[in-house]
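# Coordinate inspection notes
Next come the chains, spelled out residue by residue.
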Amino acid sequence: SLNEVIVHGLPRAYELKEGDLLKLDLGVDWKGGISDAALTVPVGKISKEDAHLVELTKEAITKGIAQARPGHTTGDIGHAIESTVTKGGGHIVDGLSGHGVGNSLHEEPSIFNYGIPGEGVPLKPGMVIAIEPMVSLSTSKVDQLDDDSYATADGSNSAHFEHTVLITKQGNEVLTK
């Protein structure tokens, strides 16, 4: 199965079947400017539990993006994501986070999916960040597989959404919408 793969999974000889959750993580380098985005796509009819997982992760990224504005911090983004996921009965997966993006795929600062409001790196106009909650309903524990992908330690399903966000003077602009 591929449901337990959270991120960085490589294509493999696996035939998608009804009920799978397919995670697509896509980076684009256009004229030296890099963007990063991800989404979780249900394959056919999925379980109510998996539908909740997908919707919870979508809600978490929406709440995180809402905090991405001048005068706020990376901790505000992380807190919004973490509190949304926890309230919805989910777990933020350990050791994986969002990041700055632009000239390279992974830049500073780290955009953790947890945090304390007002702490972390201050957000300023012109910053470009990738916000990406990765969520499981049963565990926060992660294993790194032989192909360098990451999967839930208990083999449970996961969901992942990501957007590249520009901090503007007025708030933010989602560049990968």
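Anyway, here's the lowdown on the structure attached to this text. (Residues numbered from 1 in each chain as written. Predicted model: local features only at pLDDT ≥ 70, side-chain atom pairs only at ≥ 80, totals over all residues. Heavy atoms only, no water.)

## Observations concerning the nonpolar core
Quick note on the threshold: To qualify as a nonpolar core, a set must consist of buried Ala, Val, Leu, Ile, Met, Phe, Trp, Tyr and Cys residues joined through side-chain atoms within 4.5 Å. Each residue gets one of three labels from its accessible area relative to the maximum for its type: buried under 20%, exposed over 50%, partly exposed in between, using a 1.4 Å probe on protein chains only. Strands here mean DSSP runs of E at least two residues long; helices mean DSSP runs of H or I at least four residues long; both are numbered from the N terminus. Residues count as neighbours in contact if any of their non-hydrogen atoms are within 4.5 Å of one another.
Judged by nonpolar contacts, the single largest core of 24 residues is most densely connected at A68, I77, I81, I129, I131 and V165. Put simply, the parts of the chain that give this core at least two residues each are α1 (48-66), α2 (74-87), β7 (128-131) and β12 (163-167). The element that contributes the greatest number of residues to this core is α1, accounting for six residues. Setting aside residues up to four positions removed in sequence, V165 forms contacts with I65, A68, M127, V128, I129, I131, N172, E173 and V174.

## A look at the sheet that holds strand β8 (residues 134-136)
For clarity, the cut-off: In short, DSSP must find at least two bridges between two strands for them to pair. Think of each axis as a best-fit line through the C-alpha atoms, taken over the contacting stretch in the case of a helix, with angles from 0 to 180 degrees between the N-to-C directions.
If you walk across this open sheet you meet the three strands as β4-β8-β11, and the pairing is antiparallel. Only two strands of the sheet have a single neighbouring strand rather than two, namely β4 (91-92) and β11 (158-160). Relative to β11, α1 is tilted by about 30 degrees, and along the sheet it contacts β8 and β11.

## Digging into the sheet that holds strand β5 (residues 98-100)
Strand order across the open sheet formed by five strands is β6-β5-β7-β12-β13, with antiparallel pairing between neighbours. Since the sheet does not close on itself, it has two edges, and those belong to β6 (107-111) and β13 (172-174), each with one partner. Within the sheet, the average angular offset between the axes of one strand and its neighbour, ignoring direction, is 25 degrees. Here β7 pairs with β12 via four bridges, running antiparallel. By the bridge assignment for β12, A130 is matched with T164. Relative to β6, α2 is tilted by about 40 degrees, and along the sheet it contacts β6 and β7.

## Focus on α2
So the rule is basically this: Here a helix's expected span is defined as the number of its residues, less one, multiplied by 1.5 Å.
Taking 1.5 Å of rise per residue, the 14 residues of α2 would be expected to cover 20 Å, and the 20 Å separating its terminal C-alpha atoms lies within 8% of that figure. Residues T74, G75, D76, I77, G78, A80, I81, T84 and V85 constitute the buried set of α2. Buried residues in α2 make contact with α1, β4, β6, β7 and β8. Phi for G89, located one or two positions after α2, is positive at around 85 degrees.

## Observations regarding the pattern of salt bridges
For the record, the criterion: The rule for a salt bridge is simple: a side-chain nitrogen of Lys or Arg has to be within 4 Å of a carboxyl oxygen of Asp or Glu.
Within the structure shown, the criterion is met by four salt bridges. In this structure, E59 and K63 form a salt bridge, with 3.5 Å as the shortest nitrogen-oxygen distance. Here the residue E59 and the residue K63 both occupy positions in helix α1, the gap between them amounting to four residues, near one helical turn. A relative accessible area of 38% means that E59 is categorised as partly exposed. By relative accessible area, which is 38% here, K63 ends up partly exposed.

## Structural notes on the environment of K58
Mapping K58 onto the fold places it in helix α1. Relative accessible area serves as the criterion here: at 35%, K58 is assigned to the partly exposed category.

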